[in-house]
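# A closer look at the structure
Chain by chain, the residues run as shown.
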Amino acid sequence: NAGVTQTPKFQVLKTGQSMTLQCAQDMNHEYMSWYRQDPGMGLRLIHYSVGAGITDQGEVPNGYNVSRSTTEDFPLRLLSAAPSQTSVYFCASRVGYEQYFGPGTRLTVT
Amino acid sequence: SQQGEEDPQALSIQEGENATMNCSYKTSINNLQWYRQNSGRGLVHLILIRSNEREKHSGRLRVTLDTSKKSSSLLITASRAADTASYFCATDRSNFNKFYFGSGTKLNVKP
């Protein structure tokens, strides 16, 4: 099993650009989520999904879109990047209460 | 706002010593979990304690939960250099699908 994979590992965007962060899992988990981690802080939940076709907002959803068309994939879209979205983004999938995290995407918006 | 806050923010100990870190939270919870994050990596689940439990053990880890004080502690016994990492607590409330992470304790274990 590859577990949870994320691409790209690093990305630099200019203000106003859009992009999609990819997340995939091969563990057949229904629950997937996206977090951002800023320096010196814990993770904050952006969006989550409890199954294909079902998504909901987390703590900090503004500026981000998600969709879930398959169990395996949960992409995160930045609509119009802003410097405040500079962060490390983690995707996770879950069975029971245990979350499995991907390696992260480090995003810089200039 | 952050649901959990860890204390201390940073902790430096010698190999073989015990490490204790604390987590406080603000509202009632269903469960509390502890995660470890090695530098530049994703988080790894360590242990879960339910709101009706007071203490739980897993290997060298001991977790306590005091719901009256809204706090939890994580004890790592006989620490090793490989335990060097950041440790986060995470809680969920009435919505089992939303998890709130604290700001973490950075543990450095010196060989």
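The text that follows walks through the structure, step by step, so that each part is easy to find.

Criteria and cut-off values
- Here, residues in each chain are numbered from 1, in the same order as that chain's written sequence.
- For this description, chains carry letters from A and ligands carry numbers from 1, given in the order in which they are written.
- Restriction of local features to residues with pLDDT of at least 70 applies here, the model being predicted, together with a cutoff of 80 or more for giving and counting side-chain atom pairs; totals for whole chains, interfaces and linings are based on all residues.
- To get the side-chain values, take all heavy atoms of the structure and skip hydrogens and water.
- Going along the chain from the N terminus, every DSSP run of H or I of four or more residues is numbered as a helix, and every run of E of two or more is numbered as a strand.
- In this setup the radius of gyration rests on C-alpha atoms only. A globule is expected at 2.2 Å times the number of residues raised to 0.38.
- Burial here depends on accessible area, computed with a 1.4 Å probe over protein chains only, as a share of the maximum for the residue type. Under 20% is buried, over 50% is exposed, and the range in between is partly exposed.
- Whether two residues touch is decided by their heavy atoms; if any such pair falls within 4.5 Å, the residues are in contact.
- Here the accessible surface of atoms and residues is derived via Shrake-Rupley with a 1.4 Å probe, and residues count as covered only by protein chains that are part of the display.
- Put simply, a nonpolar core is a bunch of buried Ala, Val, Leu, Ile, Met, Phe, Trp, Tyr and Cys residues held in one set by side-chain atoms that sit within 4.5 Å of each other.
- When DSSP finds two or more bridges between two strands, those strands count as paired.

In this section: the overall build of chain B. Regarding its fold elements, chain B presents zero helices and 11 strands. Along its sequence from the N terminus, chain B presents helices and strands in the succession β-β-β-β-β-β-β-β-β-β-β. Its C-alpha radius of gyration of 13 Å places chain B within 12% of the 13 Å reference for a compact globule of 111 residues. Considering chain B as a whole, with its 111 residues, one finds that 46% of them fall into the buried category. Of the contacts made within chain B by residues no fewer than 6 positions apart, 55% connect residues no fewer than 24 positions apart. Accessible surface computed for chain B: about 5,300 Å², of which carbon and sulfur atoms make up 44%.

For the rest of this paragraph, the subject is the nonpolar core. Formed by 21 residues in total, the largest nonpolar core has its most connected members in Met21, Leu32, Trp34, Leu74, Ile76, Tyr87 and Leu107 of chain B. Counting only elements with at least two residues in this core, the list comes to strand 3 (19-25), strand 4 (31-37), strand 5 (43-50), strand 7 (61-66), strand 8 (71-76), strand 9 (85-92) and strand 11 (105-110) of chain B. Here this core takes four residues from strand 3 of chain B, the largest share from any one element. The residues contacting Leu32 of chain B, other than those within four sequence positions of it, are Cys23, Tyr25, Ile47, Leu48, Ile49, Leu65, Ser72, Cys89, Ala90 and Thr91 of chain B. Among the nonpolar cores identified, the runner-up in size contains 18 residues, and Cys23, Trp34, Leu78 and Tyr89 of chain A belong to it.

Turning next to the environment of Leu11 of chain B. With respect to the helices and strands, the residue Leu11 of chain B is situated in strand 2 (residues 10-14). Dropping the residues within four chain positions of it, Leu11 of chain B is found in contact with Ala19, Thr20, Thr105, Lys106, Leu107 and Asn108 of chain B.

Time to look at the pairing of strand 9 of chain B. Residue and element names in this part refer to chain B. Of all eight residues making up strand 9, eight are buried, and the element is well covered by its neighbours. Neither face of strand 9 is exposed, since Ala85, Tyr87, Cys89 and Thr91 on one face and Ser86, Phe88, Ala90 and Asp92 on the opposite face are all buried. Pairing of strand 4 with strand 9 involves seven bridges; the strand directions are antiparallel. Bridged to Asn31 within strand 9 is Asp92. Judged from the three bridges that link them, strand 9 and strand 11 form a sheet pairing that is antiparallel. Paired with Ser86 across the two strands is Lys106, which belongs to strand 11. In this structure, strand 9 lies alongside strand 10 (residues 99-101), joined through three bridges in antiparallel fashion. Note that in strand 10 the partner of Ala90 across the bridge is Phe101.

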